[in-house]
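Listed here are the chains, written in short residue letters.
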Amino acid sequence: MTYTDKELQQIEVMAGLYLTITDIALILGTTPEELRRDIGIVGSPAHNAYQKGKVSRKVELRKQEIQLAQVGSPLALENARLALIEMEDDE
């Protein structure tokens, strides 16, 4: 499916809010299967918009987690440690 710039922006925003693909498809007026297929094509506009939305929110949450870790939150410290391990494993 070809998406308009507005639809791609909607996909990005909704992915950043962690809406399911089923919910996003409903709002866009397409089927979950079609949207899932389009998002699954690496490098496609739908894939890029979806991933950018998810990662942008992940960045915001990670920043908050690091701030909490810096003031001594035990859970945030553990999550930061796990994030560092994940990062090193991906290098």
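Anything mentioned here points back to the structure above.
One structure accompanies this document, and this report is about it.

1. So, the overall build of the protein
Argument step 1. Each helix and strand in the protein was counted, giving five helices and zero strands.
Argument step 2. Helices (α) and strands (β) of the protein occur, in sequence order from the N terminus, as α-α-α-α-α.
Argument step 3. On C-alpha atoms alone, the protein measures out to a radius of gyration of 16 Å, which is more than a quarter above the 12 Å that the 2.2 N^0.38 rule sets for 91 residues.
Argument step 4. Each principal axis of the C-alpha atoms in the protein carries an extent, and together these give about 45 × 25 × 20 Å.
Argument step 5. Classification of the 91 residues of the protein by burial places 29% in the buried group.
Argument step 6. Looking at the protein alone, contacts between residues at least 24 apart form 46% of all its contacts between residues at least 6 apart.
Argument step 7. Element-wise, carbon and sulfur atoms account for 58% of the exposed surface of the protein, whose accessible area totals about 6,400 Å².
Argument step 8. Side chains of the protein carry 10 positive and 15 negative charges; the gap between the two charge centres is 3 Å.

2. With respect to the environment of Gln-51
Argument step 1. Take Gln-51: it is sitting in helix H4 (residues 45-70).
Argument step 2. Its relative accessible area of 28% is what places Gln-51 among the partly exposed residues.
Argument step 3. On a C-alpha basis, the gap between Gln-51 and Thr-22 in space is 16 Å, while along the polypeptide they are 29 residues apart.

3. Details of the pattern of salt bridges
Argument step 1. All chains considered together, the criterion is met by four salt bridges.
Argument step 2. Note that Arg-37 and Glu-34 form a salt bridge whose closest N and O atoms lie 3.8 Å from each other. Placement of both Arg-37 and Glu-34 in helix H3 (residues 32-39) is noted, with a separation of three residues, approximately one turn of the helix.
Argument step 3. Judged by relative accessible area, Arg-37 falls into the partly exposed class, the value being 49%.
Argument step 4. Owing to a relative accessible area of 24%, Glu-34 belongs among the partly exposed residues under this scheme.
Argument step 5. One salt-bridge network, in which partners are shared between bridges, spans Glu-34, Arg-37 and Asp-38.

Reading the values: the criteria
- In this numbering scheme, every chain counts its residues from 1 along its sequence in written order.
- In keeping with the predicted nature of the model, local features appear solely for residues at pLDDT of at least 70, side-chain atom pairs appear and are counted solely at 80 or more, and the whole-chain, interface and lining totals rest on all residues.
- Side-chain numbers come from the whole structure's heavy atoms, not from hydrogens or water.
- Strands are runs of DSSP state E lasting at least 2 residues, helices are runs of H or I lasting at least 4, and numbering of each runs from the N terminus.
- The reference for a compact globule is 2.2 Å times residues^0.38; the radius of gyration itself is calculated from the C-alpha atoms.
- Accessible area is worked out with a 1.4 Å probe on protein chains only. A residue is then buried under 20% of its type maximum, exposed over 50%, and partly exposed in between.
- Residue contacts are counted whenever heavy atoms from the two residues lie within 4.5 Å of one another.
- Calculation of accessible area relied on Shrake-Rupley with a 1.4 Å probe; when residues are assessed, cover is drawn exclusively from the protein chains displayed.
- His is not counted here, nor are the chain ends, while Lys and Arg score as positive and Asp and Glu score as negative.
- Taken as the charge location is NZ of Lys, CZ of Arg, CG of Asp or CD of Glu.
- In what follows, salt bridge is the name for a side-chain nitrogen of Lys or Arg lying within 4 Å of a carboxyl oxygen of Asp or Glu.

Without other data, these values stay purely geometric and don't point to any function.
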